[in-house]
Amino acid sequence: MRIIAGLLEPTSGRVLLAVAPAGGNTFRILPMSALQSGSGTAGVLLALDRARWDRVGTMSQPELENRVNIDTAHQQRLREQFQLAAAEQPLEGLMRASRLKGREVRSGNDALGTVEDVVIDFNNRIAAPVVKLAAGFGAGESRVLIHFSRLQVNPDGQAPILASVGRGDFHALRPGHL
């Protein structure tokens, strides 16, 4: 099994689900809580036999494009297959972490930079965009992680991501995140 994407809440950055290829244009949707950190060359572990793997719910490529909503029946299957507690909230309005790549990050009239990548803290199930800062915001080719609590993300397209950080936040920039 290879994880190719994480589905996250765009308001908090919480990564709730993982996406794995199932063949062709179909992908299996797995709860992050069912995955364990591996060691050595085994990056992620999932303890399922082939029969149970074949019953894991799937979604098609078009269903994973913009806002991702996991319907009630799919959520129920996930709870049963992975012995999960009932979700505190519906799994609606999620987005693939990779959909952030290339998006402009703005603060007011300032273009802060561009999302170059998204990192996922597997143990804490949280994501943060890696932002390559525009000229004037950092030294040289500076990159920073900006926590989702400082961002307003529209998951429906290529609209700029709005940030509640500004030029002053970068004067004493050190490696780390905002």
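Note: the structure precedes this text.
It should be emphasised that the depicted structure is a prediction, and the values quoted were computed from it without experimental measurement. (Residues numbered from 1 in each chain as written. Predicted model: local features only at pLDDT ≥ 70, side-chain atom pairs only at ≥ 80, totals over all residues. Heavy atoms only, no water.)

For L64, the location among the structural elements is in the loop between β6 (58-60) and α2 (72-82). L64 sits 38 residues away from T26 along the chain, and the two C-alpha atoms are 9.9 Å apart. Ignoring sequence-local partners within four residues, the contact set of L64 consists of L7, V19, F27, I29, M59 and R96. (Helix = DSSP H or I, 4+ residues; strand = E, 2+ residues; numbered from the N terminus. Contact = heavy atoms within 4.5 Å.)

With that settled, the discussion passes to the environment of N69. Structurally, the position occupied by N69 is in the loop between β6 and α2. Between the alpha carbons of N69 and M95 there is a distance of 8.9 Å; along the sequence they are 26 residues apart. The residues contacting N69, other than those within four sequence positions of it, are M59, L91, E92 and G93. Within the structure, N69 has its side chain in polar contact with the backbone nitrogen of G93 (distance 2.7 Å). (Polar contact = N/O pair within 3.5 Å; in protein donor to acceptor, adjacent residues only side chain to side chain.)

The five strands lie next to each other as β6-β3-β2-β1-β7, forming an open sheet whose pairing is antiparallel. Looking along the sheet, the strands with just one partner apiece sit at the ends: β6 and β7 (95-96). The strands that α2 touches are β2 (15-23), β3 (26-31) and β6; relative to β3, the one it contacts most, it runs at about 60°. (Pairing = 2+ DSSP bridges. Axes fitted to C-alpha atoms, helices over the stretch in contact; angles between N-to-C directions.)

Here the focus is the sheet that holds strand β10 (residues 126-133). In space, the six strands of this open sheet follow the order β11-β10-β9-β8-β13-β12, with mixed pairing throughout. Two strands in the sheet have a free side with no partner beyond their single neighbour: β11 (143-145) and β12 (151-152).

Further remarks concern the pairing of β3. Successive side chains on a regular strand alternate, one facing one side of the sheet and the next facing the other. For β3, a buried count of five out of six residues is recorded, marking the element as mostly surrounded by other parts of the structure. Taken together, the six bridges between β2 and β3 define a ladder with antiparallel strand orientation. In the strand pairing of β3, V19 is matched with I29. Counted between consecutive antiparallel strands, the loop separating β2 from β3 contains two residues, among which G24 sits at a positive phi close to 65°. Alignment of β3 against β6, held across three bridges, turns out to be antiparallel. (Buried < 20%, exposed > 50% of the residue type's maximum accessible area, 1.4 Å probe, protein only.)

Turning our eyes to something else, we now look at a nonpolar patch on the surface. A cluster of nonpolar side chains, M1, I3 and V44, forms an exposed patch at the surface whose accessible area comes to about 230 Å². Relative to the assigned elements, M1 resides in the segment before β1 (5-8). (Patch = residues over 30% accessible without salt bridge, like charges linked within 9 Å, V, L, I, M, F, W, Y side chains within 5 Å. Areas by Shrake-Rupley, 256 points an atom, 1.4 Å probe, with all protein chains shown as cover. Salt bridge = Lys/Arg side-chain N within 4 Å of Asp/Glu carboxyl O.)

Moving on to the side chain of S107. Following the sequence through the fold, S107 ends up in strand β8 (residues 104-107). Polar contacts involving the side chain of S107 include one to the main-chain carbonyl oxygen of V165, which spans 2.5 Å. Residues in contact with S107, not counting those within four places in the same chain, are L112, A163, V165 and G166.

On to the pairing of strand β9 (residues 110-121). In terms of strand pairing, β8 meets β9 through four bridges, oriented antiparallel. Bridged to R106 within β9 is A111. Following β8, the chain reverses through two residues before pairing antiparallel with β9; G108 in that reversal takes a positive phi of roughly 60°. As paired elements, β9 and β10 share eight bridges and run antiparallel to each other. The partner of D117 across the bridge, within β10, is V130. Between β9 and β10, which follow one another and run antiparallel, lie four residues, and R125 among them has a positive phi close to 55°.

Purely spatial values, then, with no claim about function.
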